[in-house]
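# Examining the three-dimensional arrangement
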Amino acid sequence: MRPIGILGGTFDPIHYGHLRPAQEVWRALDLAEVRIIPAANPPHRRPPLATVPQRLRMAELAVAEFPGLRVDDREVRRGGPSYTVLTLESLREEFGARPLCLLLGLDAFGGLETWHQWQRLPELAHFVVMTRPGWSLPDAEVLPAWARGRLAPAAGELARTSAGKIYFQAVTPQDISATRIREAIARNEPVDGLLPPTVLDYLRANRIYLNREN
């Protein structure tokens, strides 16, 4: 069975810096789909400015123009801290032995050992680490001890087992951040081209981020 991709985040707001790389990975790795999973209560950062229903709705609007992506609201429904390990456990219960691929940026991958029950994550999913084109894979000895021996030499390896591999996938850089978007909207500056028009219309209609601390 083709693997399922997973991309979590606060998505405050969701933008092309999330969506385009996720779709590139979907195509490059021949994933069945990528689940966009908004965090209800991110435990390692300050609370999002947009409400949970607003962030969920923006994600739903955004994926409409991106084949291969779909929104999964399980963290919103579950409530409590949005720990990745709990989300992967829930997905594993749903999909059984089907391969699951957790999409991460390099910074997130580097900080993985600070995550709640991080040691269990390789039991539950593969890691697909998104990098810039031309980025070179470090020597094996540079990788953290837990990661050694887990590198997948080719994308096809991810479909052969349900979890535990690490694969580095280059994606097109997107010079976009949610902070930049929030700050621009608060100053009534244009953000066209940074996020889907449907999301921008929703932000304007609901006056999200206007005159707020960002």
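Everything numeric in this text was worked out from a predicted model, so none of it was measured.

Moving on: helix α7 (residues 178–186). In an α-helix, one turn spans 3.6 residues; hence positions three or four apart end up facing the same way. Looking only at α7, the buried set comprises Ala178, Ile181, Arg182, Ala184, Ile185 and Ala186. Taken together, the buried residues of α7 touch α8 (197–205). Phi for asparagine 188, located one or two positions after α7, is positive at around 60°.

This paragraph deals with unusual backbone geometry. That bond from aspartate 12 to proline 13 is cis: its omega, 5°, falls within 30 degrees of zero. Relative to the assigned elements, proline 13 resides in the loop between β1 (4–9) and α1 (16–28). For aspartate 30, which is not glycine, the phi torsion reads 55° and is therefore positive. Considering the arrangement of structural elements, one finds aspartate 30 in the loop between α1 and β2 (33–38). One non-glycine residue, glutamine 117, lies in positive phi territory at about 50°. Considering the arrangement of structural elements, one finds glutamine 117 in the loop between α5 (106–110) and α6 (121–124).

Another point: the packing of aromatic side chains. Summed over the entire model, instances satisfying the criterion amount to six aromatic pairs. Centre to centre, the rings of phenylalanine 109 and phenylalanine 168 are 5.8 Å apart; their planes meet at 85°, and the pair counts as edge-to-face. Here phenylalanine 168 lies in strand β6 (residues 166–170) and phenylalanine 109 lies in helix α5, a separation of 59 residues in the sequence. For the pair formed by phenylalanine 109 and phenylalanine 168, the shared burial category is buried. With a centroid separation of 5.5 Å and an interplanar angle of 70°, the aromatic rings of phenylalanine 127 and tryptophan 146 are classed as edge-to-face. Placement of the pair is phenylalanine 127 in strand β5 (residues 126–131) and tryptophan 146 in the loop between β5 and β6, with a sequence separation of 19 residues. A relative accessible area of 0% places phenylalanine 127 in the buried class. What makes tryptophan 146 buried here is its relative accessible area of 16%.

Before going further, it helps to spend a moment on helix α2 (residues 52–63). The terminal C-alpha atoms of α2, which comprises twelve residues, lie 17 Å apart, in line with the 16 Å expected from a rise of 1.5 Å per residue. Of the residues making up α2, those classed as buried are Gln54, Arg55, Leu56, Met58, Ala59, Leu61, Ala62 and Val63. Its buried side turned inward, α2 meets α1, β2, β3 (69–71) and α8.

Looking at the element boundaries, alanine 152 is found in the loop between β5 and β6. Residues alanine 152 and proline 43, spaced 109 residues apart in sequence, show a C-alpha to C-alpha distance of 30 Å. Alanine 152 has contacts with Glu157, Leu158, Lys165, Ile166 and Tyr167, leaving out every residue within four places of it along the chain.

Mapped onto the fold, leucine 103 is located in strand β4 (residues 100–105). Judged by relative accessible area, leucine 103 falls into the buried class, the value being 3%. With 46 residues separating them in the primary sequence, leucine 103 and arginine 57 have C-alpha atoms 21 Å apart. Each residue touching leucine 103, except ones within four places of it in the same chain, is listed here: Gly5, Ile6, Leu7, Ala22, Val25, Val34, Val128 and Met130.

Another aspect to go through is the packing of α2 against α8. Interaxial distance between α2 and α8 falls to 8 Å at its minimum, and their mutual angle equals 150°. Looking at the two axes, α2 sits roughly antiparallel to α8. Of the two elements, α2 crosses α8, and the hand of that crossing is right-handed. Of the residues in α8, those in contact with Gln54, Arg57, Met58, Leu61 and Ala62 of α2 are Thr198, Val199, Tyr202 and Leu203.

What counts, and where the lines are drawn
Within each chain, residue numbers correspond to sequence positions counted from 1 in written order. The model is predicted, so local features are restricted to residues of pLDDT at least 70 and side-chain atom pairs to those at 80 or more, both for listing and for counting; the totals for chains, interfaces and linings are taken over all residues. Only hydrogens and water are set aside; all other atoms, that is, all heavy atoms of the structure, feed into the side-chain values. Each residue gets one of three labels from its accessible area relative to the maximum for its type: buried under 20%, exposed over 50%, partly exposed in between, using a 1.4 Å probe on protein chains only. The helix count covers DSSP runs of H or I at least four residues long, the strand count covers runs of E at least two residues long, and both are numbered beginning at the N terminus. Residue contacts are counted whenever heavy atoms from the two residues lie within 4.5 Å of one another. Pairing of aromatic rings covers Phe, Tyr and Trp, the last through its six-membered ring, and needs centres within 6.5 Å; plane angles under 30 degrees mean stacked, over 60 mean edge-to-face, and all others mean tilted. A helix is expected to span 1.5 Å for every residue after the first. Note on definitions: angles span 0 to 180 degrees between N-to-C directions of axes, and those axes are lines fitted to C-alpha atoms, for helices only across the stretch in contact. Any angle from 65 to 115 degrees is called roughly perpendicular, while one under 35 is roughly parallel, one over 145 is roughly antiparallel, and all others are oblique. A clockwise turn of the near helix away from the far one marks a right-handed crossing, whereas an anticlockwise turn of less than a right angle marks a left-handed crossing.

That's the geometry; what it means functionally is another story.
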